[in-house]
Amino acid sequence: MQAPPGDFVTALSASLTARGEQVDLVQLESIRERFGLDQPFLVQYWKWISGVLVGDFGVSFEWRQPVGELIGERMALSLILALATVLFTWAVALPIGVYSAVKKYTIGDYLITTIGFIGLATPNFLLALVLMYVGVVHFGSDVTGLFSPEFRNAPWSFARFKDLLAHLWIPVVILGTSSSASIIRIMRANLLDELPKPYVTTARAKGLSEFKLLMTYPVRVALSPFISTIGWMFPQIISGSVIVSIVLSLPTAGPMLLTSLKAQDMYLAGSFVLLLSILSVLGMLVSDVLLALVDPRVRRR
Amino acid sequence: MNDLSAENANNIVLEIKNLVTEFPTRDGTFRAVDDVSFSLKAGKTLCVVGESGSGKSVTARSILQILDSPGRIVSGQILLHSLRGIASDADGPTDLARLKPRSNIIRSIRGREIAMIFQEPMSSLSPVHRIGNQIAEVLRLHEGMSKKQAWAQSVNLLDQVGISDPAAAADRFSFEFSGGMRQRAMIAMALACNPSVLIADEPTTALDVTTQAEVLDLIKSIQAERDMAVLFITHDIGVVAQIADEVVVMRQGKVLEQGDVFGMFENPGHPYTRELISGARDLDQPAAQRLAARASRDIGELILTATDVRKEFTISKSLFGLRPDKIAVGLKDASLELYAGENLGIVGESGSGKTTLARCLQRVYDLSSGTIRYSDRNGESVDLGSLPSSQLRPYWRDIRTVFQDPFGSLNPRMTVAEIVGEPMLVSGELSGRDLQMRVEELLELVGLPASAAQRYPHAFSGGQRQRVAIARAIGPRPRIIIADEPTSALDLSLRAKTLDLLLSLQEQMDLSFVFVTHDIAVVRYFCDRVAVMYKGGIVEVGDSETICSDPQHPYTQSLLSAVPRPDPLQRGNTRVRYSESVD
């Protein structure tokens, strides 16, 4: 955060100058003093991190508001968006991946593979623009943001939640497309490894139906690497959704992180980065715990 | 309704008539099973014997229609005579060959009328489901039992196949079982619905001899109890001699000969059958070549002496040294002597420490304690155990290894010339034209054409690959070769040939062999002396003929009594069991 030259005040004065306003050097100096920016880096860091430990994330320079208040809802919405995207991705990728593996080298498999690669190659923001266009022109729906205007600043209620769900699908589809495409490939490869294994033949020799044996045995085993994807998908979605969030003007963490970095709004940006790191670690933990639940071999070691 | 016809059919349960199974591939159709006919009778065991690729497994899988894609039955009939309560063509048998692989009727036969057990007990059970659930699944599927009933019955079945504490075992996973226990669990699963036919596809090949003997006994006793027909597929003539009532000999998809087991061993009709049987019997006695060589030249001086070699493996290190590290003892103070020009066998079951000992002898492993004295060409003695690895290089050229798996031990991206030449190139001994000539010479020594040099390992069969590995080992003119199960991945007919090759190389190059194996027959054929290992320790060392005919240690006795002799007249020899620890 301290690496680029200058600090919040120089960034502020630069943006003021750019707008053609007069810059009062004395005033700037007093801001710097008020925020403690003239103190050494370690002192500033200590002040901030010791506050974080008791739940005080400091004050945003730019917004002149406590960071906690600013980012609370945005982080929550980011989290909801990420969770919804992960669930969407799994819901789409699992059956398609299984189909693609079982029917390997058929027209269906080739079709899915082609679509998958296109999905992987399409930039998310492009897809966002296309979906916005389709949404507005063909469905006449309000596609930007996560809430309708009347709910934007309303307190949480069931109606507001419903409104959220109605808006959530567009970013979820956009963010989910590329990760689905890669997870379909992972699932297909995993399952192709498992299908020729002897225990599948054993299950077949028991007289199980093809569908049931598929679901009970190879898919179950192939699920393990699939579950570990949650670990890396989570932080990737949150930090990777910045451009999409800006295009769709979503009130999530991404756009605010970007502006805070640009303005060198130290405490705000620092808090975001800290929370994202914690999320990554949590994501890894969740995936490890799930893995141990699903796969007894992991549990016993 | 069928009492009369069943009697007429002499209790035939399953009849295969003119079965043809093909695998369409890009380069044309491969006929894996070609006009095969035989029949299974209630309470009798039919052994199908043949080498790898003979179509015996495909025949078995055709019966249940569980062929790997793209295999399919082209013609022929598979008539199942006993069908319990499933609606079928009013009278007469059901032709399984005409059923669709995914139809309900064939599914109701699989696991219920005809059950199957497989070769690899490790990978044939799901690693993520409890044993009890995997067995209960069959019962719920075919017998419509409730979850609770099925579980109780699974525990009961595990008890019947001789698993101790079956209730706890049902709750475990396959990777917590030993190989023998897994195969018992597989058998329990196969027996769940009391099938009239049991197909066993090499069920004991992956098991140790003592475990094999127990699993064979188990199958026998269950068969007698339930009057089951057993189709037993194997490549092991010894097993055939021990358990078969009738034998079918297959090669390249065709039935060469079939008939009563006693008749066939007495008087084999087909030359191939004769070859199989005599091949197994030849291996059961000392090689003539070896006896002749020993007669003309005596065994030399002591060349390698291992004294109290101990090897411990650290299983898990404790955090900050708070508790002592968890340690497994792989080798318990083993002492062994190897003389120049002799073949020393190390025999034991999996996990007995024989490979560990071999690796310690070559000093690939660091020893935990003990010494390994090697006397080099100039007669100077050196302790390999205490040398740092940087000084071991010259000795690694003197002591070389041939590994078990000829598929895994050759780099698939190197040509045979590169593989064979590498040790001499690395040591700087030879290069360029000289190296090329030496490689050709070596290939000729092991009986491969010079044209093999430019090809890659995948172009060769298992036996040829093992020859490449041998050529690589003898390249730097070693004095000792440590052969770790070099023949166990090979078919019987190739085994004797490979061993004969090693013997002729021994004469030409003045080699000594340390021969690690689990196969007693190979020891008798190839080795002058043998060390028997059990649980990391050497229990008995001695002349191989003496040990094979008159074993002293009870473990050796049990090991030898479990070996299936290739003679049906020697059935039912009393088995000795041994299970104590040698601590």
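What you see is a predicted model; the values in this text were computed from it and never measured.

Quick notes on the rules
Residues numbered from 1 in each chain as written. Chains lettered and ligands numbered in written order. Predicted model: local features only at pLDDT ≥ 70, side-chain atom pairs only at ≥ 80, totals over all residues. Heavy atoms only, no water. Pairing = 2+ DSSP bridges. Helix = DSSP H or I, 4+ residues; strand = E, 2+ residues; numbered from the N terminus. Axes fitted to C-alpha atoms, helices over the stretch in contact; angles between N-to-C directions. Contact = heavy atoms within 4.5 Å. Core = buried A, V, L, I, M, F, W, Y, C linked by side-chain atoms within 4.5 Å. Buried < 20%, exposed > 50% of the residue type's maximum accessible area, 1.4 Å probe, protein only. Domains from an automatic or database assignment. Buried area = accessible area lost by both parts, 1.4 Å probe. Salt bridge = Lys/Arg side-chain N within 4 Å of Asp/Glu carboxyl O.

**What to know about the sheet that holds strand β14 (residues 369–375) of chain B**
Sheets are built from strands that pair by backbone hydrogen bonding, the pairs being arranged parallel or antiparallel.
Residue and element names in this part refer to chain B.
Then comes step 1: The antiparallel open sheet is built from 4 strands, whose spatial order is β12-β11-β14-β15. A single partner strand is all that each edge strand has here, and the edge strands are β12 (326–339) and β15 (381–383). Going from strand to strand, the sheet's axes swing by 20 degrees on average, the running direction of each strand aside.
Then comes step 2: Note that β14 and β15 share 3 bridges and pair antiparallel. What sits directly across from R373, in β15, is D383.
Then comes step 3: Those strands touched by helix α13 (residues 354–361) are β11 (302–316), β12 and β14, and its axis lies near 65 degrees from that of β12.

**What about the nonpolar core?**
All names here are of chain B.
Then comes step 1: Ranked by internal contacts, the top residues of the largest apolar core, which has 150 residues, are L96 and I114.
Then comes step 2: There are two domains that each give this core at least three residues, and those are domain 1 (3–282) and domain 2 (288–315 + 326–550).
Then comes step 3: Excluding its chain neighbours within four sequence positions, the residues that come into contact with L96 are L14, I63, Q65, I78, L80, I106, I109 and I114.

**Quick word on the domain arrangement of chain A**
Then comes step 1: One can read the domain layout of chain A as domain 1 (1–35) and domain 2 (75–299).
Then comes step 2: One C-alpha centre belongs to domain 1 of chain A, the other to domain 2 of chain A, and the line joining them spans 41 Å.

**Observations concerning the domain arrangement of chain B**
Think of interface size as the accessible area that goes away when the parts come together; that is how it is often given.
All names here are of chain B.
Then comes step 1: Entries for chain B in the domain assignment read domain 1 (3–282) and domain 2 (288–315 + 326–550).
Then comes step 2: Its C-alpha centre places domain 1 at a distance of 38 Å from the equivalent point of domain 2.
Then comes step 3: Contacts between the two partners involve 10 residues from domain 1, matched on the other side by 7 residues from domain 2.
Then comes step 4: Between domain 1 and domain 2, a total of about 810 Å² is buried, with carbon and sulfur atoms accounting for 43% of that surface.
Then comes step 5: When the buried surface of domain 1 facing domain 2 is broken down by residue, E51, D208 and H235 rank first, second and third, together holding 50% of it.
Then comes step 6: On inspection of domain 1 and its partner domain 2, the count reaches 0 salt bridges.

**Looking at α13 of chain B**
Then comes step 1: Within α13 of chain B, 6 of the 8 residues are buried, which leaves the element mostly enclosed by the surrounding structure.
Then comes step 2: Directly after α13 of chain B, the chain includes R363 of chain B, whose backbone phi takes a positive value near 60 degrees.

**Structural notes on the pattern of salt bridges**
Then comes step 1: Enumeration according to the criterion identifies 29 salt bridges over all chains in this entry.
Then comes step 2: Note that E210 of chain A and R204 of chain A form a salt bridge whose closest N and O atoms lie 3.0 Å from each other.
Then comes step 3: The class for R204 of chain A is buried, based on a relative accessible area of 18%.
Then comes step 4: With a closest N to O distance of 3.7 Å, E485 of chain B and K354 of chain B form a salt bridge. On the criterion of sequence distance, the pair formed by E485 of chain B in the loop between β17 (480–484) and α18 (492–509) and K354 of chain B in helix α13 is long-range, its members being 131 residues apart. Both residues of the pair, E485 of chain B and K354 of chain B, count as buried.
Then comes step 5: Counted as one network, the salt bridges with shared partners bring together E22, R31, D34 and K254 of chain B.

**Notes on the pairing of strand β16 (residues 399–402) of chain B**
Residue and element names in this part refer to chain B.
Then comes step 1: A two-sided burial pattern is seen for β16, the buried positions comprising I399 and T401 on one face and R400 and V402 on the other.
Then comes step 2: In this sheet, β17 lies alongside β16 in parallel orientation, the contact comprising 4 bridges. Each residue of the ladder has a partner; that of V402, found in β17, is A483.

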